[in-house]
Amino acid sequence: MDYVLTILPVLLKGLQLSLTVYVMVMFLIFPLAILAAIGKVAGPQLIKKILFLYTWIWRGTPLLLQLFFIYFGLPYFGIKLSPLTSVIIAFVLNVGAYETEIIRAGIESIDKGQYEAAKALGMTYPQTMRRIIIPQTIRRVLPATCSEAILTFKDTALVAAIGMGDLLRSAKEVVTTDFKITAFFVAFAIYLMISSILVQLFTRMEKKYSIYE
Amino acid sequence: MTMIRMSNIHKYFGSLHVLKGVSLEVNKGEIVSVIGPSGSGKSTLLRCMNQLEKIDGGILEIEGLVVEAAGNVGVKVSASQQQVRDTYRKMGMVFQSFNLFPHMTALENVIEAPITVNKMAKTDAVKIAERQLAKVGLLDKKDTYPSKLSGGQKQRVAIARALAMDPDIMLFDEPTSALDPELVGEVLGVIKKLAEEHMTMLIVTHEMGFAREISDRIIFMDNGEILEDASPKEFFEKPRHPRIKTFLEKML
Amino acid sequence: MDHLDYVLKILPFILSGLKLTAKIYVATLIFALPLGLLAAIGKVTGPKIIKSILFLYTWIWRGTPLLFQLFFMYYALPVIGIRFSPFVAATVAYVLNYGAYLTEIFRGGIESIEKGQYEAAKALGMTYPQTMRRIIIPQTVRRVLPPICSEAVNLVKDTALLAVVGMPDLLRIATQIFTRDFNIIPFIVAFVLYLIISSVLVKLFGKLEKMHSIYE
């Protein structure tokens, strides 16, 4: 128990980094994904093509490869980013691509009658999207988005791969230096706790927002 | 005063010619029912009026303004974009499948367009909306979401939603076709009330008795053409066209 | 043309990485699918104790990162004296992780079959195992095909985690060549290979789903 208390500060520091990455990513992906999804549904041909390539490539290759490309590969082009910036960009682009597809499917699942009713009431296309289509879409994609959000939390462990001291990396360092596996179990418990809390939270949110259907 | 004038309207869905040169006028205060077999183009006709469908030929005038002209008709659209949009607002539309906004309560459905489109203050919009909901007999359901309403109630909210925009014309696209038989009456009752207020209305319907009772004119469509445009008395008592006779025999 | 020569030169290395990726991929699917199905049946119909154990299994394995589980196999088990070859350690980690996700998918599938199917089978005199084998599982398999296919596509991308524990997979080899030559091309080649594989799998699974959805 004393040992756990001595390693806890190190692990919590790692957790802090994991959570920072997570929260920043979650805040940034939604504007990106909503805009990209609208572009994919309603944009001009060129935008649609570019967005198709974006979601195809980013969803078709491993996040870790994308992370390596940005962190190790971009300096090749003279672009050097800090580890945290690299991680945020890689995660936002990756999770954003998945979320774009989720939202696109959500938009396309909205009945045509909703557009017609809005038009018949004199609403413009932007008004229709903002007031009628997107609010319904968001509620409809909530379950898929929540499970994506939980996956993303677990994916933050990948930042350990470029040497950042996140929860996973800190635990590993402690295990290799102290040659005791306790740190792993503590990290285990922390991951499990957080993802369980997220699941609870999201389930509650889904229930709250599903009242009207 | 002519509210709607359609001249020689053509409409295609791919290679399917759904409207074959339809011409029609609706005057202020008139109640016109459009009847005919399914697939005859009557819903398309209605949807062309408020431009949910683009016409492929002919001229569409609303309250004296040319809002759409297509093909070699020698007329240009005289309305500005803003005026075209204004004509939408003057035309309320009620759909067969209600198309209520499911994420909004009955009241929110009704105040949405007055606030978003007409930039009305919320308190004013709520006042209007409550009056309209009272008119369709659903003021007590104002905080209910559409999923908790019956079909007939949904359609009455949809009518209140259209009325809240203070339209000059109401278009009804088979307003009772998606309803259980016992719920048809409540919706027809609301439409009848509007008729008594001399609202200009175009109603696509299969309810023959209702059409006969409230209409000033009956239009019979078949295969993309208007076969008859007559008073209800003439239409039902002395149908001139053999197609109408067989249709009425089947319906009644 | 220099670029093309370079690609041809590094391709054999990269393909050897791809081979390891493919091996882990196939091994994972071969073991995780039956594991998932059995665990799902256990979760739905097993005795209380089995249900509790399986609940813990899926909760823990789905609640923690795969990379973490890999690290555990690689760095923690040796500390307590358990040593596997890297390949075995990786395979076990992937099988247990994907097995947990597949268990939940199968369980959801089994529970989505209407009660009427059990009742009809019972009325025909079928035993419970017969009902499961002949009636419930075949319907479940068809119904869970889409989520399983998307897991199978995810697995391609997850194999890249091997690189982090030092296994010479496609990503690691590409990264090594990149560091050695400081040339971006190995990354591009890796992008293209992953993209081809996942696109081909998506197409393939799409066809498979279509083939098996005819009856619904």
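Our subject is the structure listed above.
A brief structural summary. Because the structure is a prediction, the values reported are computed rather than measured.

**Details of the overall build of chain C**
Okay, step 1: Secondary structure assignment for chain C yields eight helices and zero strands.
Okay, step 2: Across chain C, helices and strands are ordered from the amino to the carboxyl terminus as α-α-α-α-α-α-α-α.
Okay, step 3: Structurally, chain C occupies a C-alpha span of about 75 × 50 × 20 Å along its principal axes.
Okay, step 4: A separation threshold of at least 6 residues defines the contact pool for chain C, and within that pool the share at least 24 residues apart is 76%.
Okay, step 5: Within the structure as shown, chain C displays about 10,800 Å² of accessible surface, and the carbon and sulfur contribution to it stands at 70%.
Okay, step 6: Averaged over its 21 positive side-chain charges, chain C has a centre that lies 7 Å from the centre of its 12 negative ones.

**Brief notes about the pairing of strand β10 (residues 225-230) of chain B**
Okay, step 1: By the bridge criterion, five bridges tie strand β9 (residues 217-222) of chain B to β10 of chain B in an arrangement that is antiparallel. In the sheet register, F220 of chain B faces β10 of chain B, and the bridge partner there is E228 of chain B.

**Description of the pairing of strand β8 (residues 200-204) of chain B**
All names here are of chain B.
Okay, step 1: Among the five residues in β8, five count as buried, and that is most of the element.
Okay, step 2: Both faces of β8 are covered, namely the face carrying T200, L202 and V204 and the face carrying M201 and I203.
Okay, step 3: As paired elements, strand β3 (residues 31-35) and β8 share four bridges and run parallel to each other. Within β8, the residue paired with V34 across the bridge is V204.
Okay, step 4: Pairing of strand β7 (residues 169-173) with β8, which is carried by five bridges, proceeds in the parallel orientation. When the sheet's bridge partners are listed, F172 is paired in β8 with I203.
Okay, step 5: Once you follow β7 into helix α6 (residues 181-196) and on to β8, the crossover reads as right-handed.

**Some thoughts on the environment of G42 of chain C**
All names here are of chain C.
Okay, step 1: Secondary-structure assignment places G42 in helix α1 (residues 2-45).
Okay, step 2: For G42, a relative accessible area of 14% gives the class buried.
Okay, step 3: The sequence separation of G42 and F182 amounts to 140 residues, and the corresponding C-alpha distance is 52 Å.
Okay, step 4: When sequence neighbours within four positions are dropped, the list of residues in contact with G42 reads I50, K51 and L54.

**Considering the nonpolar core**
Okay, step 1: With 120 residues, the main nonpolar core has L64, L168 and F184 of chain A together with L67, L70, Y94 and L171 of chain C as its most contacted residues.
Okay, step 2: For L168 of chain A, the residues in contact, after removing those within four places along its chain, are A157, A160, F184 and Y191 of chain A together with L67, F68 and F71 of chain C.
Okay, step 3: By size, the runner-up hydrophobic cluster in this structure holds 53 residues, among which are I134 of chain A together with L19, V22 and V67 of chain B.

**As for the layout of surface pockets**
Gaps between atoms show up when a probe of the same size as a water molecule is rolled over them.
Okay, step 1: In this structure, the second largest pocket encloses a volume near 490 Å³.
Okay, step 2: Contributing to the lining of the second largest pocket are 22 residues, with K119 and M123 of chain A together with Q51, L52 and Y88 of chain B lying nearest its centre.
Okay, step 3: Every element with two or more residues in the lining of the second largest pocket is listed here: α5 (112-120) and α6 (125-155) of chain A together with β5 (65-70) and α2 (81-90) of chain B.
Okay, step 4: The residue inventory of the lining of the second largest pocket, partitioned by class, reads nine nonpolar, five polar and eight charged.

**Focus on the packing of aromatic side chains**
Okay, step 1: Inspection of the entire model under this criterion finds 25 aromatic pairs over all chains.
Okay, step 2: Ring geometry for F184 of chain A and F68 of chain C: centres 5.3 Å apart, planes at 75°, overall edge-to-face. On the criterion of chain membership, the pair formed by F184 of chain A in helix α8 (residues 182-209) and F68 of chain C in helix α3 (residues 66-76) is interchain, its members lying in two chains.
Okay, step 3: The buried category is assigned to F184 of chain A, whose relative accessible area is 0%.
Okay, step 4: According to the relative accessible area criterion, F68 of chain C is buried, its value standing at 0%.
Okay, step 5: Following the ring pairs from residue to residue traces out a cluster consisting of Y22, F153, F184, F185, F188 and Y191 of chain A together with F68 and F72 of chain C.
Okay, step 6: Here the basic side chain of K180 of chain A rests over the ring of Y3 of chain A, its NZ or CZ set 4.1 Å away from the ring centre.

**Remarks on the interface of chain C and chain A**
Okay, step 1: The partner chain A presents 36 residues to the 33 residues of chain C that form the contact.
Okay, step 2: Roughly 3,400 Å² is buried in total at the junction of chain C and chain A, and carbon and sulfur atoms are behind 84% of that figure.
Okay, step 3: Taken together, the links from chain C to chain A amount to zero salt bridges.
Okay, step 4: On inspection of chain C and its partner chain A, the count reaches eight residue pairs in polar contact (both at pLDDT 80 or more).
Okay, step 5: Of all elements in the fold, only α2 (48-63), α3, α7 (170-181) and α8 (185-212) of chain C reach the threshold of two or more residues within the side of chain C that touches chain A.
Okay, step 6: The greatest single-element share of the side of chain C that touches chain A, amounting to eight residues, is contributed by α8 of chain C.
Okay, step 7: Here the side of chain C that touches chain A is built from residues that sort into 25 nonpolar, six polar and two charged.

**Section: the interface of chain A and chain B**
Okay, step 1: Residue-level contacts link 22 residues of chain A with 27 residues of chain B.
Okay, step 2: For the pair chain A and chain B, the summed buried surface comes to about 2,100 Å²; carbon and sulfur atoms form 60% of the total.
Okay, step 3: The tally of links from chain A across to chain B stands at two salt bridges.
Okay, step 4: Between R47 of chain B and E116 of chain A there is a salt bridge whose closest N-O contact spans 2.4 Å.
Okay, step 5: Scanning the region where chain A abuts chain B turns up seven residue pairs in polar contact (both at pLDDT 80 or more).
Okay, step 6: Secondary-structure elements contributing two or more residues to the side of chain A that touches chain B are α5 and α6 of chain A.
Okay, step 7: Take the side of chain A that touches chain B: its biggest share by element is eight residues, from α5 of chain A.

What counts as what
- Residues numbered from 1 in each chain as written.
- Chains lettered and ligands numbered in written order.
- Predicted model: local features only at pLDDT ≥ 70, side-chain atom pairs only at ≥ 80, totals over all residues.
- Heavy atoms only, no water.
- Helix = DSSP H or I, 4+ residues; strand = E, 2+ residues; numbered from the N terminus.
- Contact = heavy atoms within 4.5 Å.
- Areas by Shrake-Rupley, 256 points an atom, 1.4 Å probe, with all protein chains shown as cover.
- Lys, Arg positive; Asp, Glu negative; His and termini not counted.
- Charge placed at Lys NZ, Arg CZ, Asp CG, Glu CD.
- Pairing = 2+ DSSP bridges.
- Buried < 20%, exposed > 50% of the residue type's maximum accessible area, 1.4 Å probe, protein only.
- Right-handed = clockwise from strand over helix to strand, strands pointing away.
- Core = buried A, V, L, I, M, F, W, Y, C linked by side-chain atoms within 4.5 Å.
- 1 Å grid on protein atoms, 1.4 Å probe; cavity = no way out; pocket = protein on both sides within 12 Å on 5 of 7 lines; lining within 4 Å.
- Points joined across faces, edges and corners; volume = space filled by probe spheres on them.
- Nonpolar A, V, L, I, M, F, W, Y, C, P; charged D, E, K, R; others polar.
- Phe/Tyr/Trp six-rings, centres within 6.5 Å; stacked < 30°, edge-to-face > 60°.
- Lys NZ or Arg CZ within 6 Å of the ring centre and 35° of its normal.
- Buried area = accessible area lost by both parts, 1.4 Å probe.
- Salt bridge = Lys/Arg side-chain N within 4 Å of Asp/Glu carboxyl O.
- Polar contact = N/O pair within 3.5 Å; in protein donor to acceptor, adjacent residues only side chain to side chain.

Don't take any of this as a statement about function, it's just geometry.
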